[in-house]
Amino acid sequence: MTGFIMHDPERLQNLEESHSREYYSALFKQRQAKSSSGDELCPLLTYFDIQQIIDEVNNQLQEDNNKVGALAAVNRALSNCSVEETLIALQHPALHLSSLLCLQDSLHYYQLLKVVCEAKCKMLGDSGAELWLEDIQEVVQAVVRHARHAAAAAHTLTTLNKALAARDSRTLAKLLRSQDFSYLHVKESHIPDIIAMLDKEYEKRKTLGDFCPWILDTLADGSKVYLNVTEGFHQWESPGEELECRICYLTHQDVSQAVSSLRQQEDYNTQLDHMITRLQARARGYLTRKRLHQQQKAAVIIQSWWHMVRARKIYTMYCAGLRLSEPYVITLQRAVRAWLHRRRLNVLTQHFTKHVGQVVAVQRAWRAHKARQDLHALTHQANPPLPVIHRFIHLLHLSPSDLDEEFRLQRVKSDIVKTIRHTHQLELEVDQLDIKIGLLVHNRITLQDVLPADKENMNPNIPDTRTKKNKKSSRDTLKFGSMRSQKGLKALKKESREKLLGYQHLFYLLQTQPRYLATLIFALPPGKTTKFIENVIFTLHNYGANDRDNYLLLKLFKTALEEEIRCKVLRLSDIVSGNPMVVKMIVSFNRRGAGQASLRDMLGPLIHKVLSDSNMQINTNPVEIYKSWINQLEMNSGQTSGLPYSVNQDQALQYPEVQKRLTQAITKLKEVTLSFCDQITNNRDLIPYAMLYMARVMRAALQRRFPHIAEKEILKVVGNLVYYRYINSAIVAPDAYDIVTVAPDEKLNNNQRRNLASIAKILQFAASKKGFGDEASHLKCLNPFIVECHERFKVFFRECCEVEEPEVVYNVTRYSEATLIVRPTIYISVQEICETHQLLLDNEEILAPDSEDPLHTLLTELGERPSVHALVGETVETETGALGRMEVCLALTNRFEVNEATDDKEPKDPNRIFTRTKQMLVDIIQCVEGEVVGELVSGPTLPEQEEKYRSIIVTRGQQEHRAKLNHTTLNLSSSFLGDSRVSLHEVKTRLSHNLRRLENQGVTTRTDNHQALLNAIAADIVNQRHHRIRRKTELQKMVTTANQLENKKVFYEEKLKSYHTYLKTCLTNIAARNKNVHQPWNKQGGSERGRCKQTIKYTAAKLIEKGVLLAVEDLPDSQQKNLLFEITPLPTAGFFHVQARFMGVPMENVEIDIQELLQLQYEGVSVKKMFSKVKINVNLLLHLVNSKFYSKKK
């Protein structure tokens, strides 16, 4: 293979002849992988595969060569005994160690590498042994650990000696309790003595002489490091002559020696006390035993002799009696045993006869126990055995009720799809009729422009006094009066309507597909149009006005929150300490309407109780309590108290009155806080569902983002959302959030706000499990209470996350959109439409990276961003701000509705062989018994087994026939029809062949009894019940959806009928000014077609002069006066008959419909062909018809 490649190097690039072996190995592995993957299109390696493998091999070999060169440089630097060269060699990019290296530790790298190299030479017995990559990586990691330990030791010793120098006992005690001295296991009671010993040793060393800041320390592996205890750093080089000075600073050995000496003294005292106690106990025991022994010895000797005599006498008499009565005893015992045995048998027989029911129950219970064991093995065991599967294989059978439900479900789905298509067609017809009616109404309005011209031209008796210029102006007004330009989004023009439909489709897509807005939120720079995006989102969802809007808004929040946590949250504290935009929008949404009412119902009574209690004083500040007490004393006595006015916290706590009042405040605070905690945790149902669902989404997203974090920490973050961001503010400022009603001339006093703030603070501490420390030591007594409340909050937050999906709460299915009778509408300003359009254009590639995304289609059809004036239809001189605030009602529609509704096909099975094999194995298990799959396949086929298989096939044939009668199909394996015409023996042969194919593919193996197939069958059995439940639930939803769709179809049919009626009325009203226009003709002279009195006649020359006729093909200009056009209204309103005559001879005729002309005008078509040769101006022809037939004549 490699020889062939090397002989044809022109087609392949970067070939190296020295790499041929590596090319062959990589190509062989890729060929095997491609063959085993089952690629039926092209199992061979392509040119691109070969070129890619060659490039990968070259890159890998180049990287390996770089690593070898870097290792050689390191070993060369070690042999040269150069520290600088060693560090430079370690920084080689191929070793990937640059991020771990530190210039300060360069000597230690060299020392450890030297030691490892010497050890390796000694171990291998080769003086030229070199270090490998693993050796160097271990040394670098060891140096990192050593540097970390040395820095920690320097910091600890610096803190220790500075505290000893400053006589800071508190810092020393905190240091001894810290993790740095945890290995000494210092007891709390020993800390004062240890501090005294250390202080004494420090004072002793201070008097010895010069101070040396350096201390030599030895690490765990024996490495020497020099610690500077004055500046808190370390180095590996010796500081030189400074070490010869006397060291007055204490080290770890001094602390360990102090702890050890104190512990030895304590152990010595304990041992001494124990020895004295044991000595006293032994002395007292010896005296007691000596006294009792003197009295007991004689009594024991006498009693033992007497007992011996009596026992010998009784034993002798008993043996003599037994020898005399031995034959009689044997006979009696035999008879008694026989009688007892017969009695037991009779009792047992009577018992079983009497308790037959209990025996049957016991047997039934035993069988049930075995069945439960088998069921547990089927559902919980990783690899259920074949006998267990054989016991439950009958559960895969389709019962008649299953078939009926399945047939009904398929029929309902088919009816739903048909109804959706029919309803969609009705909607299109209604929209078309709506346009036609609008055009007719608009044409009726334009008649107002025709009337002035009619009044000027109708009466021939009025002399024409206008000048030539005025006549031309009047003719222009007549000609174009009905075509007043209409602009804007709501204009009755095809272009405007397409623009309106485009925006309706666009905002429907943004509303129902949350990924676009969720991505747009994070695509914008921080702080840019944040408020605008929030307003657009709430406007697009009508601020959650109904269940549909709430559902879509929750889906948007879920997508955005998951995206923000996945991309922007690096630590759990980012959500708590930061201000995520999505969380702000969630809280803002839930504080509107029902959310605010929920807070009022939950917290209102308790807050009213706190505010109405004028005697409640919850003040936990000792200084403020002290000042309040002084003021009260002086106010009551009228004299100075004689106490200082300025005190700190510790001084204030020394007064008993302050302690008393503080205790009362803490007691009251705990009482009120507990009532708030109970009220919140017991009323989860009062919290809006949207907030609860967002809590569930946040917990799930955080668990995926931080799988190693404990649940309690994640629940704290959830509590920050539910309590701190949603509930806490309502407690702190109830008047601002309308929890309580405060008169305009009133406001909460400072005492009331302090009480509420104190309660909210304790609740916040409880939600986040945060206690009081040394900065508020007088409040440490509240920490147990905070922990107790936190446990309640933790349960409460967990319950908040246990809610159902929005699809269940709002009863949403994939057909819900199709059942809406009234299209969803939004009211959005023109400025918001323009800016949203621009944002989507600017971030189109980010929002829709897929070229087939429907957003590209909609934005392409809408084109560039229009101006506000273009959407409103006003001139540029109009003020832009006022126009931008104008609101537009958009009836949102789905452009891709039919395709989505009819896409109901199930995906094909990607592994047909596995499915066919599983189906055949199920059939064989039902007919053949065995312990392993091999026995089922290789064993002989008995006649009764063939009969069982034949009955299975007959049953399936009946089911398939029923399915055809119900115009549906069963979801069975594709092997069903093929296997129904073969015997069981042939099925076994085919199964054996498929098992070998699956084994060659690596899907199953014979060694584990083809357990993959058995596991798949077990999963089908277990899921059968869940499938029935899902099918029943889906059937109920489908029936409800079908009823809703039927109501929608009836609604649109009635609407279509009413539109037809209204259209006829509009056509009738067009001729309201001249009621004789569409009257039936009066036939004269027996002619087939009579002349209507309303017929008008124009020559081609006259129509060309009016501009109605543009050109007549193949007609010279001199003959235009001989071509006559007669326009006659037909009896049907809106229809006219046009007859063309050339020199009086009828040539051609055609019927025109005013609705067709209006439709052409709506579509912007200004020229229309008649008689295949005549071109007319549509707008002027409409004007002519309106002025001659539908204007009221005098």
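It should be noted that the structure appears before, not after, this text.
Owing to the predicted nature of the structure, the values given are computational and were not obtained by experimental measurement. (Residues numbered from 1 in each chain as written. Predicted model: local features only at pLDDT ≥ 70, side-chain atom pairs only at ≥ 80, totals over all residues. Heavy atoms only, no water.)

Chemist: Mind showing me how you'd approach the side chain of lysine 555 here?
Modeler: Relative to the elements of secondary structure, lysine 555 occurs in helix α17 (residues 547–568). By relative accessible area, lysine 555 is classed as buried at 16%. Aside from chain neighbours lying at most four places away, what touches lysine 555 is Pro514, Tyr693, Glu805 and Glu807. (Helix = DSSP H or I, 4+ residues; strand = E, 2+ residues; numbered from the N terminus. Buried < 20%, exposed > 50% of the residue type's maximum accessible area, 1.4 Å probe, protein only. Contact = heavy atoms within 4.5 Å.)

Chemist: Is there a simple way to think about the packing of helix α20 (residues 594–612) against helix α25 (residues 711–732) in this case?
Modeler: The axes of two packed helices give the description: the angle between them and the distance between them. Where α20 contacts α25, the two axes come as close as 10 Å, and the packing angle between them is 45°. In terms of axis orientation, α20 runs oblique to α25. Note that α20 runs across α25; the crossing there is right-handed. Where α20 approaches α25, its residues Gly595, Ser598, Leu599, Leu603 and Ile607 are matched on the opposing element by Tyr726, Ile727, Ala730 and Ile731. Split by residue class, the contact of α20 with α25 holds seven nonpolar, two polar and no charged. (Axes fitted to C-alpha atoms, helices over the stretch in contact; angles between N-to-C directions. Parallel < 35°, antiparallel > 145°, perpendicular 65-115°, else oblique. Left-handed = near helix turned anticlockwise from the far one by under 90°. Nonpolar A, V, L, I, M, F, W, Y, C, P; charged D, E, K, R; others polar.)

Chemist: Can you help me understand the sheet that holds strand β1 (residues 214–218) in this one?
Modeler: In a beta sheet, neighbouring strands are held together by backbone hydrogen bonds and run either parallel or antiparallel to one another. Ordered in space as β1-β2-β3, the three strands form an open sheet in which the pairing is antiparallel. Whereas interior strands pair on both sides, the edge strands pair on one side only; in this sheet they are β1 and β3 (233–235). Direction aside, the axes of adjacent strands within the sheet are offset by 35° on average. Alignment of strand β2 (residues 224–228) against β3, held across three bridges, turns out to be antiparallel. Residue pairing across strands places tyrosine 226 opposite glutamine 235, the latter belonging to β3. Along the sheet, helix α6 (residues 133–166) contacts β1, β2 and β3; its crossing angle with β2, the most-contacted strand, is approximately 35°. (Pairing = 2+ DSSP bridges.)

Chemist: Would you explain the pattern of salt bridges in this entry?
Modeler: Pairs can form between side chains of opposite charge whenever their charged atoms are close. Evaluated as defined, the whole model comprises 18 salt bridges. Here aspartate 549 makes a salt bridge to arginine 548, at a shortest N to O gap of 3.6 Å. Of the residues examined, arginine 548 reaches a relative accessible area of 15% and is grouped as buried. A salt bridge links aspartate 685 to arginine 684; the nearest nitrogen and oxygen atoms lie 3.5 Å apart. Judged by its relative accessible area of 66%, aspartate 685 is exposed. (Salt bridge = Lys/Arg side-chain N within 4 Å of Asp/Glu carboxyl O.)

Chemist: Help me out: how do you make sense of the packing of aromatic side chains in this one?
Modeler: Each pair of aromatic rings is reported with the distance of its centres and the angle of its planes. Evaluated as defined, the whole model comprises 11 aromatic pairs. Consider the rings of tyrosine 689 and tyrosine 810, whose centres lie 5.8 Å apart with planes at 80°: the pair is edge-to-face. Within this pair, whereas tyrosine 689 is found in helix α24 (residues 689–705), its partner tyrosine 810 is found in the loop between α28 (806–809) and β4 (825–829), the two being separated by 121 residues in sequence. Grouping residues by exposure puts tyrosine 689 and tyrosine 810 together as buried. (Phe/Tyr/Trp six-rings, centres within 6.5 Å; stacked < 30°, edge-to-face > 60°.)

Chemist: Where do I start with the nonpolar core in this structure?
Modeler: Among soluble globular proteins, nonpolar side chains are generally buried collectively. Among the nonpolar cores identified, the biggest contains 132 residues, and Phe507, Leu603 and Phe676 are the most heavily contacted of them. Ignoring any residue separated from it by four or fewer positions in sequence, one finds phenylalanine 507 in contact with Leu540, Ile826, Ile828, Ile833, Thr836, Leu890 and Leu892. Listed in part, the 56 residues of the second largest apolar core include Leu71, Ala89, Tyr202 and Ile215. (Core = buried A, V, L, I, M, F, W, Y, C linked by side-chain atoms within 4.5 Å.)

Chemist: What exactly am I supposed to notice about the sheet that holds strand β7 (residues 1109–1112) here?
Modeler: If you walk across this open sheet you meet the three strands as β7-β12-β11, and the pairing is antiparallel. Among the strands making up the open sheet, the edge pair consists of β7 and β11 (1167–1170). The average undirected angle you get between the axes of adjacent strands in this sheet is 20°. Note that β7 and strand β12 (residues 1174–1177) share three bridges and pair antiparallel. Among the inter-strand pairings, leucine 1109 is bridged to a residue of β12, identified as isoleucine 1176.

Chemist: Quick question: what am I supposed to make of helix α21 (residues 622–637) here?
Modeler: Structurally, the α-helix is built with 3.6 residues per turn, so residues lying three or four positions apart point the same way. The terminal C-alpha atoms of α21, which comprises 16 residues, lie 22 Å apart, in line with the 22 Å expected from a rise of 1.5 Å per residue. By the burial criterion, the buried members of α21 are Pro622, Val623, Ile625, Tyr626, Trp629 and Ile630. On an axial view of α21, the arc spanned by its buried residues comes to 160°, and they lie on one face. Looking at the buried positions of α21, the neighbouring elements they touch are α22 (649–652) and α23 (656–681). One side-chain oxygen at the N-terminal end of α21 lies 3.2 Å from the backbone nitrogen of valine 623; it belongs to asparagine 621. Glycine 638, located one to two residues past α21, shows a positive phi value of around 75°. (Expected span 1.5 Å × (residues − 1). Arc of directions from axis to C-beta. Polar contact = N/O pair within 3.5 Å; in protein donor to acceptor, adjacent residues only side chain to side chain.)

Chemist: What am I meant to see in unusual backbone geometry here?
Modeler: Residues apart from glycine generally show negative phi values, whereas peptide bonds are mostly found in trans. Positive phi, normally seen in glycine, also occurs at lysine 769, with a value near 55°. Tracing the backbone shows lysine 769 in the loop between α26 (750–768) and α27 (783–800). For asparagine 1009, which is not a glycine, the phi torsion comes out positive at approximately 65°. The topology assignment puts asparagine 1009 in the loop between α39 (984–1001) and α40 (1011–1070). Take asparagine 1009: its relative accessible area is 15%, and that puts it in the buried class.

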